[in-house]
Each structure stands twice: as C-alpha cells, then as structure tokens.
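The primary structure of each chain is shown beneath.
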Amino acid sequence: MNLRKFLPALFAAAPLLSQVILAQVTDKQLLEAGEANWLTYNGSYDSRRHSALKQVNTSTVGALVPKWVYHVPGATALQTVPIVVDGVMYVTQPNEVYAVDARNGRQIWDYHRIPARQKGPNRGVAVYRDKVYFTTPDAHLIALAASTGQVLWETKIAEASDGYWSPAAPMVVKGKVLAGIAPGDHGLNGFLDAYDAVTGERLWRFNSIPKPGEAGSETWAGDSWKSAGGNTWLTGSYDPDLNLLYWGIGNPAPDFNGDVRAGDNLYTECVVALDLDTGKMKWYFQFTPHDTMDWDAVEIPVLVDAPFEGNMRKLMAHADRNGFYYLLDRTNGKFLAGAPFVKRLNWASGLTPEGRPIRIPGIEPTLKGTVVCPAAIGAANWQSPAYSPETGLFYVVAQEGCGFAHKSTETFRPGGFQYRATGDVNMKDDDWKVYVRALDLTTGKLKWESERIGSTGFGGGLLSTAGGLIFSGEQNGQFGALDAKSGKTLWHFYTGQQITAQPVTYTVGGKQIVAIATATDIMAFGLFEDHSK
Amino acid sequence: MPMAKTAAVPLLLAFALIATAQDKPANPLGASPQVAEAGRLLYNKSCTACHGPDGTDGDRAPALDGNRRYFRVSEAAIFEVVKNGIPGTVMPSSGLSDNDVWRIVAFIRNVRATASDLVVPGDAQNGMAVFNGAGGCVRCHMIRGQGGLLGPDLSSIGAQLSLIRLKDALTKERPVPNGFRPVTAVTAKGEKLSGVAKNSDAFSLQLLDAQGKLHLLDMSELRSVEFSKKSLMPRSFDKTLTATQYRDLLAMLAVQARTKVRAPLQGENEIGR
C-alpha cells in the first residue's frame, strides 16, 4: 500500500476535524426509541422495556439458539444492560466499558479507568451523538468517544473519599446527561445532577434532602437532615410532553432506626417529578413515609398512557420495594390505585385514598427483633419491570419472604461508613420464593404468575416484546421466554451461571437478537439458521 | 545464658541493617537533571566505543534502554558494573572516579525511566502548537479529549514510553500496534473503505475510517481486504519539523501522563531556551 497516497485519501473527506461527521445518536432517535436499537437503560424514556420486534414470537421462539458469547474479562456478577447503537453494543462492569460488534461479539475497544476503585456494581452506559457516558466507583461521569473509547472529558459528581459512588446507567435527554449517586446507607445525602452532554459542565442539581427553611425540611427532626440518605442509584424516566423527569429516591438514614429522624423524611422513599430544564421539583409522591426498612423507592417508574375510569390518562406505574403496586397520575402525582403485589406483607393493612400506607403498630425493627414482611431486600428491587401495551399488563419480579429486623443506636461517621443502625436477617427457615408476576395495569390485580423455581433471590429484570413474549433471567441460571398472556414458559436456556441483569433486544442485518448479561458473559440469541445449505 | 542471647538479637539486627545499607547505597550525587546530563556527556565519551550514543545500541554492546529485562536495576548494581566491569565478558572496568561513575549511573537510570519522569528540554506549550499545527499529529491522535480517533490516544504517552522510544516513534519505522493496522476493504458493491482495523478474524472486520465511523463488515461480503504492515504514522519528524519544533514536540509528549505527574522542578521551563 502506498502510504503517501493512502493518508491524504483517507482524510480527503475530512480536511478539518471539526467538520467530521461521526455516528450520531440523535434526540429524535432517543425519543422514538426505534426497535432496531436499544438506546437507553430501560429501552425508552417511558421505561416500558417493551420492544416492537416480533421476529422472535410465540410461534418461532422454539428455534431461538445462542449466536455468540462475549466474555467480560474478570467479571463475576455483571449487572450491565447492553446498549446497542447501529450494530455496536456497549457493556460495562465497574471502571470498565467494552464496545463489541453486536452481530458476532467481537470486541471493538475497551476502556479501563485507572486507578480503579473497587466498588460495584455498574449497570451500563448512556449514548448521545458521538459519545458514550459512564459513571464510576469514584463518582465521576466520563464521556468516551463512541467509536474508539477514548476519554473526551471527565467530571467529578461527588467526593469518593466522602463515601459516594455511582453505579447507575446515566440517561441523556435533550443534551443533558442525568447522573445519580449512591449510597444512602452511609448517611450521605443524595441528589440528581444534570450535566451538559458536550462539555461535562454541571447544569443543575436536585438535592433530595431539603435544607432547613426549604419545603419538606419540617419532616426531619433536629439535625437529622444532615446525614439523611435519599440517593439515586437507579435510572429514571422522562415524559417529553410534560418535560418532566421521574426519579426514584432511596432510603433515609440511619436505615433501621427512625427514632433520631422523627417525621416523614422527605424526599426519601419518593418518586419526584423534576423539570428537565431547571431540575425544580413539580411534585412528589412518597411510598413509605418514615421508612425504617431500607425500602429504597428507586424501582423504575413506568410511564403509560391508558384509560383509567373511562378517561385516557397519563399514568405512572411503580412496584415498590415495600410490597405495594402504585398507579399515579403523572401530571400531578395524585394516587389513583394501589394494591399489594406480594402475599407476605405484614407491616401495613392497606393504603388510604391518598395512597399512604396504613401501618400496623409494632411491625418495624426493634431492639429484640421483629418479623417484618417483606424483608429489607424488598418485594421488588432494582430488577426492571416491563409493560406491554398489547396485553395491558405490568410485569414485575416479585420476591416473597420476611426479615427479622433489629434496630440499634449508631452515630454518623463521615468518610463512607455504614450508618444503618442494624438491619434485618432474611429468615433462613422461611420459604423464600421468587415470581414473575403479571399485574393488571389499573388495579394491580394478579393476572398470572410464574415461579422462578430453584431461585431464592431476585435474579434479573424483564423484557417484553411484540412477539408476545416476556424474557426473564433467573438467579439459578435459567434464561426463559414466557407467554405474555399466560405466563407459560415457551423456551428456556440454561446459561450455567447466575443472572443478575435484564435482557435487551435489537436487530442487526435484519435479524432480531435477544441479549443478556450473565454473571461473567454477554450472551446473544437469535433464530436458528442453517448455514450449511 | 539468657542475657547474652537477648543482647545478641539487636546486635544481629544492627549488622543486618548496615549490610543492607552497604548493599544499596543511594547515589551520593542525587539524580538531578544536571547530574544525569553530566553523566550523559561522560557516557558518550567513555562508553561509546562499544555502546551507542545516549544509551542506544552500539556495534559491540547492547542498548541500555529498550525492550529487554536487565539483571542490574538498582543504582548499586549499575555502579558495580560501570566501576568494575563484568568478569568473563568484554565489559571492562571504566577506570573512572567514583563520582563520575555515579554520574553515569544517574544517566543510565534516566535512560530507563519513562519520559514523564525526566526533565526533557523544550517548550511544551509550543510543542502543543506543533502537535496541532505543523506536525499534523492532531488529525489522528488525541490528547485529553482533543484530537483525532484514528491513532492511539497520547494523553499518557509520557508515562508509557522512555524518551528514547518516544524519539523512535517519531523518527523510526515501528511495528503497528494492535487495533491500528491500516486496512482497505472493497465491498461486494464496489465501495472502497479505508481506515484501521480495530479487530478482525477470518469472518469479520471492524474497520474505523478517518471520519471516526465504524464499519462492521463480514468477510463474506467483501470483494477484497488488504492489510498494510506499514503504519500510517509518518516517521520523519526529525526531518520534516525544524529542530526547535521537534524538540518542543518531544518536550510536550514527554509530560503527557494521565496519572500523577511529578512536580515541575525549579527553572524547568527555562531549560533549553
């Protein structure tokens, strides 16, 4: 090859760098969430995790076979949700991002943050224009070049030495990168940040714990607001018409002893609706006022437009860690309906017309221990739910089991120490069960359930497709496809390792692929093709 | 004799400490750039009958930097061979004074250091202007988020290469690193794609073109694929740039270290002006 000729020819189309047009993920693409790609953590801004793809469907799913496996080096318990853009898949583990060819799993580039603070998990990237965004165990937001993984900029979200880290996949809306923070269990106050997608400059911060004098501060006794928790360790949702972000807020601190923080402890255990442009809160709804069970309300808010009591309504569905399913009006946060989605729930007898739990006295952590159901791990957790507009059902991974909950006194220590004031022990002799449950959207009534037999822990979240399928990865290593209407298992594949991530689907070369992270690998499945002919 | 036993232990420890200190004395002249530069001049005068100048390889003796492992790494071990030679080999004793040997030791340690550990003369700010302008480097290379995507990111290059290897990269033909091999592919439709192969196997090719666009190709869809063994990197910056531009470019690349960079020494920026 003649390099003298080659080099100028290579650049002929790009005389200046600034004129180079790179592969782009546009606002329009993110809004439309087209079926070929998987562009955000939950597939679309409404977080339904429902794909319009139906090449793999109830009739063809029997022919679903593994297409490729990509081993993530050193992985032990991946929670990454793959993001797929025009045939390139981005997957992560703490401090690391990998771009792989989504057709065959061949690696394109890898990025490693050095020095790497060991703190996990990491749940994935966000993509926008020519960049990939990623948050780190040392609480930084990093922008990488999508085609090479080179660092374009990095911004400190919070001080890692204070004890903060960032596990959630960021979300990009209209040029703003939304990035949250963990944990609440160290008494560190939470917030949600918006950063300029081009420069990394911080545009606004929503503090989830109000300071004295601000609305909501009256819900914190004394100085308890200073080490109060309320973090944002999962990704939220966005409604373009209302221009509102919906984000779940985590537990108050100390987790299990509420005596030092009398009051409702706003805005912990809430979903907050924030104006995208300013970060100002429009409304909030609190699922567990004055929580003492570490029931972070970060579970994904799912946005659905559907009839409710005869009128089309803008709804928000949410299955909370506290065991109740909630339906809200997402224009104003008004409670519309709610019901338990687990049978083993002993701490509340129901919900008031305003959606506030009716507590049963004494069912809370005590010095000598109390059985509380659900346990602190929750009836639901970070496993994403799904909603199918075709069945009108809300699908959630539900866990049945109780904890023996204790409290103690503990003093807050700065620097990232636990500030939990004890906790609960899962009742070992309890009959722990995990289910995929399909709930009626508007009533929360159980339509069907499929037990994850052999699992005593959650496993991964769900994916719904227009092929009439719910894909579900289990703690015990089974990856299955359920009939969205009946819950019947139509296909399964034993991956040989624990699954703690939710699946995605996309097309490449006109062929539908379903992909999921297992403990150590990314596995991709497609319909069988006989290449010998 | 319990008393004698207990007394003997601290005594032995003391001997051990002295012995260790004698095994590895620190360079009494220190390791400042001035000492190393004096050592370089001495080295080029005294050692280049066999070794090459500035620590490169010579006709009869190997380079002192480079891609090999060395038996003698510590200052004491290097002092020993420069002072007394290596018995059974052609490496003779230098016959230099102890202080001159220590100067050479400082120089050899510098040769093996990464470029970012050294004080490399030149104006790094002007070097960045050369990187962005006359050198044309910015078209393919990125430093801290600014630049092209086709070549390796240089944000930490000073911490990755010794100064000699850095000079080699700008002036000598080097093997193409993985992920940067030039490739031209012609698709079945006759479309010609040129760039670098990020990855490839018998069935697929991941090609990055000069516009930063990835092309994910099946070998079965391609009419032809031609890999080049020769890097896209020009290798004659010592000739195509002025002496000042080349020096400043080197000085700028040498300080690129994404992790902790040493504090600048007093008067460092005046060196070489």
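Criteria and thresholds
- Residues numbered from 1 in each chain as written.
- Chains lettered and ligands numbered in written order.
- Predicted model: local features only at pLDDT ≥ 70, side-chain atom pairs only at ≥ 80, totals over all residues.
- Heavy atoms only, no water.
- Helix = DSSP H or I, 4+ residues; strand = E, 2+ residues; numbered from the N terminus.
- Expected span 1.5 Å × (residues − 1).
- Buried < 20%, exposed > 50% of the residue type's maximum accessible area, 1.4 Å probe, protein only.
- Arc of directions from axis to C-beta.
- Contact = heavy atoms within 4.5 Å.
- Salt bridge = Lys/Arg side-chain N within 4 Å of Asp/Glu carboxyl O.
- Polar contact = N/O pair within 3.5 Å; in protein donor to acceptor, adjacent residues only side chain to side chain.
- Nonpolar A, V, L, I, M, F, W, Y, C, P; charged D, E, K, R; others polar.
- Axes fitted to C-alpha atoms, helices over the stretch in contact; angles between N-to-C directions.
- Parallel < 35°, antiparallel > 145°, perpendicular 65-115°, else oblique.
- pLDDT = per-residue confidence, 0-100.
- Pairing = 2+ DSSP bridges.
- 1 Å grid on protein atoms, 1.4 Å probe; cavity = no way out; pocket = protein on both sides within 12 Å on 5 of 7 lines; lining within 4 Å.
- Points joined across faces, edges and corners; volume = space filled by probe spheres on them.

Residues and elements named next belong to chain B. A rise of 1.5 Å per residue sets the reference length of helix α2 (residues 33–46), with its 14 residues, at 20 Å; its end C-alpha atoms lie 19 Å apart and thus fit the reference within 8%. Of all the positions in α2, only Val35, Ala36, Gly39, Leu42 and Tyr43 are classed as buried. One side of α2 carries all its buried residues, which in axial view fall inside an arc of 120°. Residues Gln34 and Lys45 are exposed on α2 and point more than 90 degrees away from its buried face.

So, about the interface of chain A and chain B. On the side of chain B, 40 residues touch chain A, which itself brings 29 residues to the contact. Counting every contact that joins chain A to chain B gives two salt bridges. Between Arg103(A) and Asp218(B) there is a salt bridge, with its nearest N and O atoms 3.0 Å apart. Applying the counting criterion to the chain A and chain B interface returns twelve residue pairs in polar contact (both at pLDDT 80 or more). For the side of chain A that touches chain B, the elements supplying multiple residues, two or more each, are α1 (3–11), β6 (107–112) and β10 (151–156) of chain A. Looking at the side of chain A that touches chain B element by element, the count peaks at five residues for α1(A). A class-by-class count of the residues in the side of chain A that touches chain B yields 19 nonpolar, six polar and four charged.

Our next topic: the packing of helix α5 (residues 124–132) of chain B against helix α8 (residues 243–254) of chain B. Residues and elements named next belong to chain B. Orientation of α5 relative to α8, taken along the N-to-C sense of each, is 105°, at an axis distance of 7 Å. What the angle tells us is that α5 and α8 run roughly perpendicular. Across the interface between the two elements, Ala124, Asn126, Gly127, Met128, Val130 and Phe131 from α5 touch Gln245, Asp248, Leu249, Ala251 and Met252 from α8. Among the residues making up the contact of α5 with α8, the classes are represented as seven nonpolar, three polar and one charged.

Residue and element names in this part refer to chain B. For chain B, mean pLDDT is 86; residues scoring 70 or higher make up 85% of the total. pLDDT under 50 marks residues 1–23. Its contacts with residues more than four places away, or in other chains, come to one contact. Predicted confidence for residues 260–273 stays below pLDDT 50, and this span has 15 contacts to residues more than four positions away or in other chains. This complex was scored by the predictor with a pTM of 0.89 and an ipTM of 0.85.

This part takes up the pairing of β6(A). Within a regular beta strand, the side chains point alternately toward one face of the sheet and then the other, so they alternate between its two faces. All names here are of chain A. Sheet topology note: the strand β5 (residues 96–101)/β6 ladder contains five bridges and is antiparallel. Note on β6: the bridge partner recorded for valine 97 is tyrosine 111. Connecting β5 to the next strand, β6, in antiparallel fashion are five residues, including glycine 105 with a positive phi near 80°.

All names here are of chain A. The antiparallel open sheet is built from four strands, whose spatial order is β11-β12-β13-β14. The sheet is open, and its two edges are formed by β11 (171–173) and β14 (202–207), each paired on a single side. Direction aside, neighbouring strands of the sheet carry axes that sit 20° apart on average. Summarising the sheet, strand β12 (residues 176–179) and strand β13 (residues 191–196) pair through four bridges and their orientation is antiparallel. When the sheet's bridge partners are listed, valine 177 is paired in β13 with tyrosine 195.

One number sums up the size of the second largest pocket: a volume of about 1200 Å³. If you trace the second largest pocket, you find 49 residues lining it, with Arg103(A), Asn104(A), Val508(A), Gly509(A) and Asp218(B) closest to the centre. Broken down by secondary-structure element, the contributors of at least two residues to the lining of the second largest pocket are β2 (64–71), β4 (88–93), β7 (126–128), β8 (131–135), β36 (504–508), β37 (511–517) and β38 (521–527) of chain A together with β6 (214–218) of chain B. Of the residues assigned to the lining of the second largest pocket, the class counts are 22 nonpolar, 14 polar and 13 charged.

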